[in-house]
Amino acid sequence: MAPHPKSNLFYENEDFEQLGLYEKKGYRTTPILFVNGSRVNETLAAQARPNQSLISFLRDVMRLTGTKLGCNEGGCGACTVQISKLDMLTNDVKHFAVNACLMPVLAADGCHVTTVEGIGTVRGNKLHPVQKAIVDMHGSQCGFCTPGIIVSLYTLLSNNPSVAHLEEHLDGNLCRCTGYRPIWDAARSLCKDGEEVVRGPCGVACRECPERDACTQDCNEHDKLVVSSSKDKMAAYQETFLDDMDWLDQPNRMFPDDLRNKFGELAKPLVVVDKTAFQAGGTWFKPISLLEMVGLLKDFENSPTGPCKIVVGNTEVGIEQKFKHKAYPRLICPSESISELFGVDIVDSKLLIGSCCTLSVIQHRCGELADTQSRYKRSLGPIHDMLRWFASSQIRNVACLAGNLVTASPISDMNPMLAAMGATLIICSINDDGVSITRRRVDVKDFFLGYRSVDLKATELVERIEVPVLQTHFEYLHPFKQARRREDDISIVTSGMRMRIAIAKGKYLIDDVAISFGGMATTTIMATQTMGTLKGAEFSAVTFEMAAKILAKETSLPCAVPGGQAAYRTALAISFLHKFFLLVLSDLEEDVAIIKGDPSAYSSISFELPPAPIIDDDQASGARNWLAEPKPSFAGVQSYPAPKVVSGLEDKLYPLGESERIVPAAAAVGKASSHASGALHCTGEADYTDDIPLPPGTLHAALILSSQCGAIFESINKSTGLSLPGVRGIISHEDLVALGGSNSFGPIVADEMVFLPIGETVRAVNEVLGIAVAETLEAAELAARTVEVKYGSPPIEKIIVTIDDAIQANSFYENSRHSMIKGDATLIDELTVTPNTAGPLKVGDIVTISGLIRSGPQEHFYLEPNSSLVVPSDSDTNLTIYCSTQAVNKTQICCAAATGLQMHRVVVRMKRMGGGFGGKETRSVFASAAAAVAARTLNQPVRLTLSRSVDMKTTGQRHAFQSEYKASAHVTTEGVQLLAVDMMLYVNGGFAFDLSGPVLDRALFHCDGVYNFPHFRCGGVVCKTVQAPHTAYRGFGGPQGMVIAEHILDHFATVCGVSGDKMRRFNMYKPGDVVHFGMILGESDSGAWHVPSMWDRLYSSLDVPRRRVLISEYNAKHRWVKRGLSILPTKFGIAFTAKYMNQGGALVHLYKDGSVLISHGGTEMGQGLHTKVCQVAAQAFGIPISQVYVNDSSSDKVANAIPTAASMSTDQYGMATVDACRQILKRLQPVREKLGPEATLKEVAKEAHLARIDLTAHGFYALSGERCGFDWLKDKPDDWPDDLPDNSWKGHPFNYFTQGVCVTECEIDLLSGNHRTLRTDVLVDVGSSINPAIDIGQIEGAFVQGMGWCTTEDFIHADDDHPWVRPRGEVFTRGPGTYKIPAFNDIPEIFNVSLLDDTENPLAVHSSKAVGEPPFFLGTSVFFAIKDALQAARRQNLGKHEYFEMRLPATSERIRMYAADAIATKAVELMTSDEKAIETFQPQGSY
């Protein structure tokens, strides 16, 4: 079947017929666009559509694929490009970064767009210094986010190459891989004022401190370590690039001269009418005068298709179009020539803000005026402070203040500020005469009529905002907000508070007050009752205590309030009021001191100023407001053993004779080499699946998802979708059957379906029903939304969403139920019926505790969503599938089965992924299979790239765990000795089994942590719910298991009144101890056991006891800010627990020019696997790494490959590669002897080819069967020796353990719930590292990902705790707007990472160790440091030191409410009517 030619269909737009009239009025009809220094030719420019985003134009029309689409909502920064335009007032060129996914392409009219391709290129090695710095400092891993980060840095540095400027404005990009530290180092290294923050492992410049003679650090004592600090990197790059700063001017040089000289053409207005059939609308107007603009509003007031919509930044309208599917037939984007709408100035004691002036301009202008003119500091400083945390730089650079007002978001940051300041809006409209304009004034506080409703007619325009300037003294203004994450996040609660104080009768009285909130109602509100209480009252603590009681009632919210977090939001409102009192008190004290210091300058004040109210010293910490504080600096030190090549398992399995071995001139293994694709990442020239040029006739696809669950899928009416222009097919189960395909699939149990058949029960909201295929993505998405799906009656039974639901309904995957026991079963049985210990303890007592620990789900949030391109060939008898997957073979198996083909007819190819983290091991397969069925059915290529929201709704997450435990310990004179434990783990698996069973198994293997319970029983079962099937995620259940152990240790420490540090160290496994699954910790069985010595090393070198004393002293002096510290160990077992998976193959080609090409079964997702494999091969052949290359992972090169997972890939494919290389080396040995030792590999290879010697080898490695595999159900054999450990007969699940220890210190603000990670020091045993830079990058990235899991990453479903989300079972957190991974501003401010020295691992290739997953758990040290700080808060506020269940993640809500102070107590009491509820209160969560 030949590809159908793309139709030339027209949109029925009534404005199309009016184009001629607009042209007669002087309108242009084609935009003027410049990209990367050149003008876009008119043929391409004419393809720009009114509702088309800039990224769509760049990628689809211009084929510039370096700009990546990560989220489509301006939340990740992968799409960042630079916009340059001429300032019409100053004639200067201004450069700013924007989100190309939100910016309409037509908004770039008259601008110069610079994409990453325009900055530098690998061709001719023309990397820009920004790109080179990122490559050299290892700031790229998967590389998908890198182009956007490069553009952001390029723009920031060109505007102001200072550290402060970077730290302030690098806030709109996310990275899931690196942990940000190397990016910070690279960025600061290019600043003129770059300076170190941390200098050496001890915090002092390495080898430069005056106490060097007494220093015992390894780097000083023996020069055994390579130490690289932020200072070192800055110094190196300052020498390289800062002598000649000409590169900073590149944006100005690239700015086209034509743009400077196009004022005549650009001065004309623009109109563009959408002519395609695939869009929701419309027409784009760019008027050049205010009269023309309001005239357009009047012209279309009564249009049958609706009025005009004004767009400036498109940051709200773009979201509405993409996610709410709103259609705007006419968009008006004002030209900057309309001076009335742009600009910021102060006139007659009023700040006048043009309605279309961007937020960044307002922010910077207010900041400049506040800094340079003291009389404006208190008025404009708060505006600046609020805006600096408003969204991101990319958003602020285009969004305008009037847009923020008119959209009337109830959680807007600026609207409460403006209302509190008494701001007024000037609203204009055209008169009936068509030549004059009328204006009216509306106070901001009266502008909001209801939810998303304002006092603005369709014919009206907000022209400007007038903000009164405060008095220079005795009038105060402060902004407040709290979000899930400080940077680039919408507020939970936001507030603006203003107060004017008068002096009468020797007292300070509150003369005027305005308090406004966002996030407390459906609109911005004024706290009128609280204001009434305060006005006229004395400014004092007592007055504010009274006001707080009023405010508590005024802002009390019902438990089921939309948005949730009812008690927290009330607590925040009261907390902000308390902060306001403390801040105003500080301001008042400052005013009094200034006036008393120079009375002559204040002659109008003729009376004696009374003293300000006095508060306790420890109350002052409540005045901390992170909105006004400088953004922190971030730096760190990385230290690792000096590079060396160490013999490992390869010399045991694949030995070479001395004559066969090549000794390279320079070692490749052990070298901190840059990522093999790093330069391509940084130039945008690295191709991902969605970047592949499409074959002719390629169709675009969108999944059809269910909107209900629990009901019968009765029918699907495809005609509504098929009737749309450009739609080529609606593919469903019946089409799969017609191909002879198998609909069932699954990695372990085939309990998933490619397409749900009609008549089946819908098992989850967002289950796949079919796939829509069309000539454009827009048409496919519209078809997917418009097909009519009919469901049966909703279920009577409760829909099972959470673990609690499943336990109540007995809904389990019984095949997953596993358990094991070590020690005395009778003693453990007795433990289960023993009551918990109460009262004082003495030596000899047995302490019994019990409890529950919950850990939440985590979204993978790989920056590249799942993508597949399926190309049929040979009349649909063959399929080639390009996809982003960790499991080439699984994709091949499923796609072949679904399409009715055998596997040899399906080739799956994977070049690189933009992150995976386990999420693309099995959960990419269903999308590839759906696309494959569509491609074979239509016999045309089909591309399916999931949107971020669809990806998050369908692919599953890290498993939520709920774990019950009962444990006992013995109080001895030396310490509290662990005795016995009984655990039961419940896991939320979702509606299909996926990998949930093995995830639970690994959790059971790791739930001992590093602690020796002589008597140990653990069991678990996977819960069957309606959530998407949950799946592999970095750590694969290990972190969830280890959290339980650490929680139990904390519980014992609290009950027994001992130090958590001592409790942990006292109960650690020692060499020779046996873990509960039968392995012995020690050299021969599991490798050297280093955790105790690593703990001791950090505990001593970081002086943890002294730091705890300092923290205790700090906490005593600060009532509202607390610090905490945790020291946390980890051991992580390395091997697939499924025995058969411990294998890998590699195909190695040696070419006649001496270069080497490798294909292996692993996939590259940023972890550096290909780089390490290249190093291993280069070492074997004695050649530079540059002569070795891995092209892609493909099922026709290495068949039956195991998924890239379990941190095993270097172990497997490094060994397989060595095997292949050494096979070739053995064949080459006679030739090398003939040519002599000086012969190059090129010469040897050429001669060998002439001698007909095979230069290709297939290598294979299988982990010894004695070192992997575990049979949970195997009974103890009768002849099993009694002296062998319990459960050792079941198997040997791990080859060895990767180990680590981490010390983290955090600070929390009890009034807001905000936290900072002040310092982290990580020490990890990775054996003899093949590539220390990659290993350190993996450690940092894993740590930050683990930190995110336990703090900001709160994944929410529609369940009992979230009844405001509908329908039940739906996913609420479906993009960066609602789900918050750590940002640049969230990482540890001091972040030191060391690799353990003097350690080898003979159980793996070159004596290395796996590193991808093991460090993840160390990120939870942030959680336990926060918990330590909260313990101090609860001792202070509750007057007792008791155990409490702290659920993970430690969100800002949990931190605030667990503090259990009087404010939190009142907020919970109002919601629960129980004044004691705070002691056991648990904020809502999805588990």
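**A short note on the sheet that holds strand E44 (residues 1256-1262)**
So, step 1. A sheet is described by the order of its strands in space; here four strands give the open sequence E42-E41-E40-E44, paired in mixed fashion. Only two strands of the sheet have a single neighbouring strand rather than two, namely strand E42 (1188-1190) and E44. With strand direction ignored, the average angle separating the axes of adjacent strands in the sheet is 25 degrees.
So, step 2. Strands in contact with helix H40 (residues 1169-1181) are strand E40 (1143-1150), strand E41 (1156-1160) and E42; relative to E42, the strand with the most contacts, it is inclined by about 145 degrees.
So, step 3. Running at roughly 140 degrees to E44, helix H41 (residues 1209-1235) makes contact with E40, E41 and E44 of the sheet.

**Examining the packing of aromatic side chains**
So, step 1. Within the structure shown, the criterion is met by 33 aromatic pairs.
So, step 2. Aromatic pair Phe1005 and Phe1270: ring centres 5.0 Å apart, planes at 85 degrees, arrangement edge-to-face. Here the residue Phe1005 occupies a position in helix H34 (residues 996-1006), and Phe1270 occupies one in the loop between E44 and strand E45 (1296-1309), the gap between them amounting to 265 residues.
So, step 3. Between Phe1423 and Phe1424 the ring centres are 5.1 Å apart and the planes differ by 85 degrees, which places this aromatic pair in the edge-to-face class.
So, step 4. These aromatic residues form a ring-pair network of at least three members: Phe1005, Phe1077, Phe1270, Trp1272, Phe1294 and Phe1297.
So, step 5. The ring of Phe861 has Arg948 sitting right over it, with the charged end atom 4.5 Å from the ring centre.
So, step 6. Taking the ring centre of Tyr1114 as reference, the NZ or CZ of Arg1123 above it sits at 4.0 Å.

**As for the pattern of salt bridges**
So, step 1. What the rule picks out here adds up to 94 salt bridges.
So, step 2. Between Glu487 and Lys631 there is a salt bridge whose closest N-O contact spans 3.7 Å. With Glu487 in the loop between strand E18 (475-483) and strand E19 (491-504) and Lys631 in the loop between helix H23 (566-597) and strand E22 (637-641), the pair connects residues that are 144 residues apart, well separated along the chain. This pair shows no difference in class: Glu487 is buried, exactly as Lys631 is.
So, step 3. Asp651 serves as the salt-bridge partner of Arg661, at 3.6 Å between the closest nitrogen and oxygen. Of this pair, Arg661 sits in the loop between helix H24 (649-653) and helix H25 (678-683) while Asp651 sits in helix H24; the two residues are 10 residues apart in sequence, bridging distant segments of the chain.
So, step 4. For Arg661, a relative accessible area of 26% translates into the label partly exposed.
So, step 5. Linked through salt bridges whose partners overlap, the residues forming this network are Lys350, Arg439, Arg441, Glu463, Arg464 and Glu466.

**Points about the sheet that holds strand E20 (residues 507-518)**
So, step 1. Taken in spatial order, the four strands make up an open sheet running E18-E19-E20-E21, and their pairing is antiparallel. Every other strand in the sheet has two partners, leaving E18 and strand E21 (525-526) as the edge strands with one partner each.
So, step 2. Examined bridge by bridge, E20 and E21 share two bridges and lie antiparallel to one another. Counterpart to Ser516 in the pairing with E21 is Met526.
So, step 3. Across the sheet, helix H16 (residues 377-388) touches E18 and E19, and the angle it forms with E18 is around 5 degrees.

**Some points on the environment of Ser349**
So, step 1. Its place among the elements puts Ser349 in the loop between strand E11 (344-347) and strand E12 (350-354).
So, step 2. Note: C-alpha distance between Ser349 and Gly1269 (920 residues apart in sequence) is 77 Å.
So, step 3. Once residues within four sequence positions are removed from consideration, Ser349 is found in contact with Val467, Pro468 and Val469.

**Points about the confidence of the model for the protein chain**
So, step 1. Within the protein chain, residue pLDDT values average 94, and 96% of them lie at 70 or more.
So, step 2. Every residue in residues 1-11 is under pLDDT 50, and counting partners more than four places away or in other chains gives 28 contacts.

**Description of helix H7 (residues 181-189)**
So, step 1. Of all nine residues that make up H7, nine are buried, and the element is covered over most of its length.
So, step 2. Turning to H7, its buried residues number three or more, namely Arg181, Pro182, Ile183, Trp184, Asp185, Ala186, Ala187, Arg188 and Ser189.

**With respect to the packing of helix H4 (residues 129-136) against helix H5 (residues 146-159)**
So, step 1. Two numbers describe how H4 lies on H5: the axes approach to 9 Å, and their chain directions differ by 130 degrees. Viewed along their axes, H4 and H5 adopt a mutual orientation that is oblique. Seen from above, H4 lies across H5 with right-handed handedness. Touching Val130, Gln131 and Ile134 of H4 are Thr146, Ile150, Leu153, Tyr154 and Leu157, all from H5.

How each quantity is defined
- Residues numbered from 1 in each chain as written.
- Predicted model: local features only at pLDDT ≥ 70, side-chain atom pairs only at ≥ 80, totals over all residues.
- Heavy atoms only, no water.
- Pairing = 2+ DSSP bridges.
- Helix = DSSP H or I, 4+ residues; strand = E, 2+ residues; numbered from the N terminus.
- Axes fitted to C-alpha atoms, helices over the stretch in contact; angles between N-to-C directions.
- Contact = heavy atoms within 4.5 Å.
- Phe/Tyr/Trp six-rings, centres within 6.5 Å; stacked < 30°, edge-to-face > 60°.
- Lys NZ or Arg CZ within 6 Å of the ring centre and 35° of its normal.
- Salt bridge = Lys/Arg side-chain N within 4 Å of Asp/Glu carboxyl O.
- Buried < 20%, exposed > 50% of the residue type's maximum accessible area, 1.4 Å probe, protein only.
- pLDDT = per-residue confidence, 0-100.
- Parallel < 35°, antiparallel > 145°, perpendicular 65-115°, else oblique.
- Left-handed = near helix turned anticlockwise from the far one by under 90°.

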